[in-house]
Amino acid sequence: MTESNDASITLPSPSTAMDILVGAIEQIKFARDYTLQLLDSTSLDDWFRIPDGLPTNIAWQVGHLTVSQYGLLMFRIRGRQPSDLELIPGKFRKAYGRGTTPSDDRSRQPTPDELLERFNRVFVDALGELDSVDSDVLLEPCEMPYAGYPIKLGAIMFCPLHEHIHAGQIGLVRRSLGLDPVR
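Residues numbered from 1 in each chain as written. Predicted model: local features only at pLDDT ≥ 70, side-chain atom pairs only at ≥ 80, totals over all residues. Heavy atoms only, no water.

A.B. asks: Looking at this structure, I do not really get the overall build of the chain. What am I missing?
C.D. replies: What the chain contains, in helices and strands, is 7 helices and 2 strands. Listing the helices and strands of the chain from first to last along the sequence gives β-β-α-α-α-α-α-α-α. Computed over its C-alpha atoms, the radius of gyration of the chain comes to 17 Å, within 12% of the 16 Å expected for a compact globule of 183 residues. When the backbone C-alpha atoms are referred to their principal axes, the chain occupies close to 50 × 35 × 25 Å. The burial tally for the chain puts 47% of its 183 residues in the buried class. (Helix = DSSP H or I, 4+ residues; strand = E, 2+ residues; numbered from the N terminus. Rg over C-alpha atoms; globule rule 2.2 N^0.38 Å. Buried < 20%, exposed > 50% of the residue type's maximum accessible area, 1.4 Å probe, protein only.)

A.B. asks: Before we go on, may I ask you to explain the pattern of salt bridges in this structure?
C.D. replies: Think of it this way: side chains of opposite charge can pair up when their charged atoms draw near. In this structure the tally under the stated criterion is 8 salt bridges. Across the salt bridge formed by Glu163 and Arg32, the nearest N and O atoms sit 2.8 Å from each other. You can see Glu163 sitting in helix H7 (residues 152-176) and its partner Arg32 sitting in helix H1 (residues 14-40), a full 131 residues away along the chain. For the pair formed by Glu163 and Arg32, the shared burial category is buried. Here Glu86 and Arg121 are joined by a salt bridge, their closest N and O atoms 2.7 Å apart. Of this pair, Glu86 sits in helix H3 (residues 84-87) while Arg121 sits in helix H5 (residues 112-131), placing them 35 residues apart in sequence. By relative accessible area, which is 47% here, Glu86 ends up partly exposed. Each of Arg78, Asp84 and Glu129 takes part in a single network of salt bridges with overlapping partners. (Salt bridge = Lys/Arg side-chain N within 4 Å of Asp/Glu carboxyl O.)

A.B. asks: Help me out: how do you make sense of the packing of aromatic side chains in this one?
C.D. replies: In this description, an aromatic ring pair is defined by two values, namely the gap between the centres and the angle between the planes. Counting across every chain of the model gives 2 aromatic pairs. Aromatic pair Tyr70 and Phe75: ring centres 6.3 Å apart, planes at 35 degrees, arrangement tilted. Given the relative accessible area of 3%, Tyr70 is considered buried. With 4.8 Å between their ring centres and 55 degrees between their planes, Phe92 and Tyr96 make a pair best called tilted. Of this pair, Phe92 and Tyr96 both sit in helix H4 (residues 90-96), 4 residues apart, roughly one helical turn. The class of Tyr96 is buried, set by a relative accessible area of 1%. Sitting over the face of the ring of Phe119, Arg32 holds its NZ or CZ atom 3.6 Å from the ring centroid. Directly above the aromatic system of Phe92 lies the positively charged group of Arg118, at a separation of 4.9 Å from the ring centroid. (Phe/Tyr/Trp six-rings, centres within 6.5 Å; stacked < 30°, edge-to-face > 60°. Lys NZ or Arg CZ within 6 Å of the ring centre and 35° of its normal.)

A.B. asks: Would you explain the state of the cysteines in this entry?
C.D. replies: What we call a disulfide is simply a covalent bond connecting the sulfur atoms of a pair of cysteines. For the structure shown, the criterion picks out 0 disulfides. With no disulfide of its own, Cys142 has Cys159 as its nearest cysteine by sulfur position, at a separation of 13 Å. (Disulfide = S-S within 2.5 Å.)

A.B. asks: Would you take a moment to explain the packing of H1 against H7 for this structure?
C.D. replies: How two helices pack is summed up by the angle between their axes together with the distance between the axes. One way to put it is that H1 packs onto H7 with a least axis distance of 9 Å and a crossing angle of 15 degrees. Relative to H7, the element H1 lies roughly parallel. Seen from above, H1 lies across H7 with left-handed handedness. Classifying every residue of the contact of H1 with H7 by side-chain character gives 17 nonpolar, 4 polar and 3 charged. (Axes fitted to C-alpha atoms, helices over the stretch in contact; angles between N-to-C directions. Parallel < 35°, antiparallel > 145°, perpendicular 65-115°, else oblique. Left-handed = near helix turned anticlockwise from the far one by under 90°. Nonpolar A, V, L, I, M, F, W, Y, C, P; charged D, E, K, R; others polar.)

A.B. asks: Looking at this model, I keep getting lost on H1. Mind explaining?
C.D. replies: Spacing of three or four residues puts side chains on the same side of an α-helix, whose turn is 3.6 residues. Its 27 residues place the ends of H1 38 Å apart at the C-alpha level, agreeing with the 39 Å of an ideal helix rising 1.5 Å per residue. Where H1 is concerned, the buried positions are Ala17, Leu21, Ala24, Ile25, Ile28, Ala31, Arg32, Tyr34, Thr35, Leu38 and Leu39. As for H1, its buried residues are in contact with helix H2 (58-78), H5, helix H6 (135-138) and H7. (Expected span 1.5 Å × (residues − 1). Contact = heavy atoms within 4.5 Å.)

Below, the structure is given as structure tokens:
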């Protein structure tokens, strides 16, 4: 273990960081499986409905998870690549990034199928990036959001926590639409 700039946090060794990465990847997959169970049991017709008393809809949740997963697992780890502009165009980021407002206007958003395609593509691409990440990269510092450590590995560790938070919101939207719980 090595000391970070914050004396109260002991950073993992490179080999421990790789072990933690393996566990984080499994948690990322587990979180995605649960999110997909929720989405698979929800009609695409309901994706843009904002239930009374709630500030969100399923379409925004999926778009937001897409942008966030790209940010946590790709951008933060290896920086922006030229192909990222097609993967996460500025317009998409501005519609679904942190601090944006969900809309029920279908005409100004991607279809549910388009959202799902991008959601799945980022997931596959991000896991591919993590398969080849070097332990030294994992130990590089980063800013919030992260979990556990103020390093790139901490950003990766935050990703499944973030997805579970939004899966809970998807579950709440589903229940508010009158749908039965998945579990």
